[in-house]
Amino acid sequence: MKSNLTIISIALFFCLTGLGGNCIFAQTKPAPKAAADERNSALKRDAATMLTALELGEFEKFADYMHAKAIKKLGSRAEVVEFIRDLANVTAKGLKGVRYIPDNPGPIVTSGRQLFGIVPYRLMATTPRNESVVATACAVGISDNRGKSWTFATCETFGEIFPTAAKKISIPQPKMTLDGVEQF
């Protein structure tokens, strides 16, 4: 019973925050090759900073890395910070040792004047019964300054706030394992 509550708690956290977004396979025009390494480095750096802020409970800093349109879609900045804080508290009751580990970004694509990139990441934690939890997800990075800095949107709100780019991007389902057994 407790394992089911843990799974539900994890799934709820991912779904409601949108952090359980899925890896995205972009099919838009690739960004120009020049400065691609710098863009990827900046994308991973900013995603790592955002995920570390979440891990450390620095919810204001986490909100700094959310794209303005994503915040507006979810409510005011203060509402978003409070919502993330509440969800993190609920998650902390069902998990211990929560870590967010960003992987290397996927391709960066151009749509209009913006760049979009994906950063896959893993949530790793342990349940109160010492079961290992690994969830894979990703965040959608948006750059308005040619990849020098990035803010993020959830996969759930991405299509609504960036409909043109979203038409060219496929979003598969997130994955989670509990002691190595796939849950979803």
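Residues numbered from 1 in each chain as written. Predicted model: local features only at pLDDT ≥ 70, side-chain atom pairs only at ≥ 80, totals over all residues. Heavy atoms only, no water.

1. A closer look at the packing of aromatic side chains
Here is step 1 of the chain: Per the stated rule, a full pass over the model turns up four aromatic pairs.
Here is step 2 of the chain: Arranged with centres 5.6 Å apart and planes meeting at 75°, the rings of F116 and F158 form a pair that is edge-to-face. Note that F116 is positioned in strand β4 (residues 114–126) and F158 in helix α6 (residues 155–161), a separation of 42 residues in sequence. Each member of the pair, F116 together with F158, is buried.
Here is step 3 of the chain: Clustering of aromatic rings is evident, with ring pairs tying together F116, F158 and F162. (Phe/Tyr/Trp six-rings, centres within 6.5 Å; stacked < 30°, edge-to-face > 60°. Helix = DSSP H or I, 4+ residues; strand = E, 2+ residues; numbered from the N terminus. Buried < 20%, exposed > 50% of the residue type's maximum accessible area, 1.4 Å probe, protein only.)

2. Details of the pattern of salt bridges
Here is step 1 of the chain: Scanning all chains against the criterion turns up seven salt bridges.
Here is step 2 of the chain: E55 is the partner of R99 in a salt bridge, and the nearest nitrogen-oxygen pair spans 3.3 Å. Of this pair, R99 sits in strand β2 (residues 96–102) while E55 sits in helix α2 (residues 36–56); the two residues are 44 residues apart in sequence, bridging distant segments of the chain.
Here is step 3 of the chain: The salt bridge partner of R77 is E60, with a shortest N-O separation of 2.4 Å. You can see R77 sitting in helix α5 (residues 77–94) and its partner E60 sitting in helix α3 (residues 59–64), a full 17 residues away along the chain.
Here is step 4 of the chain: Residue R77 is classed as partly exposed on the basis of its relative accessible area, which comes to 31%.
Here is step 5 of the chain: The network of salt bridges with shared partners includes E60, D64 and R77. (Salt bridge = Lys/Arg side-chain N within 4 Å of Asp/Glu carboxyl O.)

3. A word on the side chain of S111
Here is step 1 of the chain: Following the sequence through the fold, S111 ends up in strand β3 (residues 109–111).
Here is step 2 of the chain: Apart from the residues within four sequence positions on either side, S111 is in contact with F116, T164 and A165. (Contact = heavy atoms within 4.5 Å.)

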